[in-house]
Amino acid sequence: MKLPASTEWVLHCATTLAQLDPGATASAAQLADYFDVPAPYLAKQLQALVKAGVLAAMTGPRGGFRLARAASEITLLQIVEAVDGASFPYECREIRQQGRGALPPEDCQGVCIIAEKMAEAHRAWRSSLAGVTLADILDGLPEWAPARTRSRISAVR
């Protein structure tokens, strides 16, 4: 499965916001500058995270985005699904019943084994992402990373 580049952007942006001081925000422009990505498109993706309840948007001169919940309550799956949806990426079109190698309908009563295995893989992928929170990601960062992130994101204002 190939996810769009914007998925990487929002995962990194959420991780960046999780490193900020409590109550601090970062604008879409700051985050876009921080990662050198297009601000208008990033803003659209961040709004999807707001709609999903992952981020909160604050208005005003010091407005921007912040986490809507504690980092320990936000999973990677929630972030990915907010921008990419939850649909199953594999679609079995029953080609086993087509062409010269077509199986008779009576041999295709059960679910196609390939579709079954693809569904298992998708469930495992979702389960893996659901088991990782932003807090887990923060725990894996080098000790110096949050201070560096805070100083560089605030320098963009």
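As a reminder, the structure under discussion sits directly above these lines.
Because the structure is predicted, anything quoted here is derived from the model rather than measured.

Caption draft 1: The packing of helix H3 (residues 39-51) against helix H4 (residues 76-84), seen in detail. H4 packs onto H3 with a crossing angle of 120° between their chain directions and a minimal axis gap of 9 Å. Overall, the two elements H3 and H4 adopt an arrangement that is oblique. The interaxial crossing formed by H3 with H4 has right-handed handedness. Here H3 contributes Gln45, Ala48 and Leu49 to the contact with H4, which in turn contributes Ile79, Ala82 and Val83. The residue makeup of the contact of H3 with H4, split by class, is 5 nonpolar, 1 polar and no charged.

Caption draft 2: Fine view of H3. Relative to the 18 Å expected for 13 residues at 1.5 Å per residue, H3 spans 18 Å between its end C-alpha atoms, a close match to the ideal helical length. All of the buried residues along H3 are Leu42, Gln45, Leu46 and Leu49. The arc that holds every buried residue of H3, seen down its axis, measures 100°, which confines them to one face. Exposed side chains of H3 directed beyond 90 degrees from the buried face belong to Pro40, Lys44 and Lys51. Residues of H3 that are buried sit in contact with helix H1 (5-18), helix H2 (28-35), strand E1 (55-58), strand E2 (64-67) and H4.

Caption draft 3: Broad picture of a nonpolar patch on the surface. The grouping of Phe88, Ile113, Ile114 and Met118 at the surface amounts to a nonpolar patch, some 360 Å² of accessible area in total. The residue Ile113 is located in helix H5 (residues 113-130) in this model.

Caption draft 4: Geometry of the packing of aromatic side chains. One pass over the structure, following the stated rule, counts 3 aromatic pairs. With a centroid separation of 5.6 Å and 85° between ring planes, the pair formed by Trp9 and Tyr41 is classed as edge-to-face. Highlighted residues: Trp9 in helix H1 and Tyr41 in helix H3, separated in sequence by 32 residues. On the basis of relative accessible area, Tyr41 is assigned to the partly exposed category, the value being 38%. On the numbers, 4.9 Å between centres and 90° between planes, the contact of Tyr34 with Phe35 is edge-to-face. Exposure remark for Tyr34: the relative accessible area of 23% places this residue in the partly exposed category. Phe35 sits in the partly exposed class, given a relative accessible area of 28%.

Conventions adopted
Residues numbered from 1 in each chain as written. Predicted model: local features only at pLDDT ≥ 70, side-chain atom pairs only at ≥ 80, totals over all residues. Heavy atoms only, no water. Axes fitted to C-alpha atoms, helices over the stretch in contact; angles between N-to-C directions. Helix = DSSP H or I, 4+ residues; strand = E, 2+ residues; numbered from the N terminus. Parallel < 35°, antiparallel > 145°, perpendicular 65-115°, else oblique. Left-handed = near helix turned anticlockwise from the far one by under 90°. Contact = heavy atoms within 4.5 Å. Nonpolar A, V, L, I, M, F, W, Y, C, P; charged D, E, K, R; others polar. Expected span 1.5 Å × (residues − 1). Buried < 20%, exposed > 50% of the residue type's maximum accessible area, 1.4 Å probe, protein only. Arc of directions from axis to C-beta. Patch = residues over 30% accessible without salt bridge, like charges linked within 9 Å, V, L, I, M, F, W, Y side chains within 5 Å. Areas by Shrake-Rupley, 256 points an atom, 1.4 Å probe, with all protein chains shown as cover. Salt bridge = Lys/Arg side-chain N within 4 Å of Asp/Glu carboxyl O. Phe/Tyr/Trp six-rings, centres within 6.5 Å; stacked < 30°, edge-to-face > 60°.

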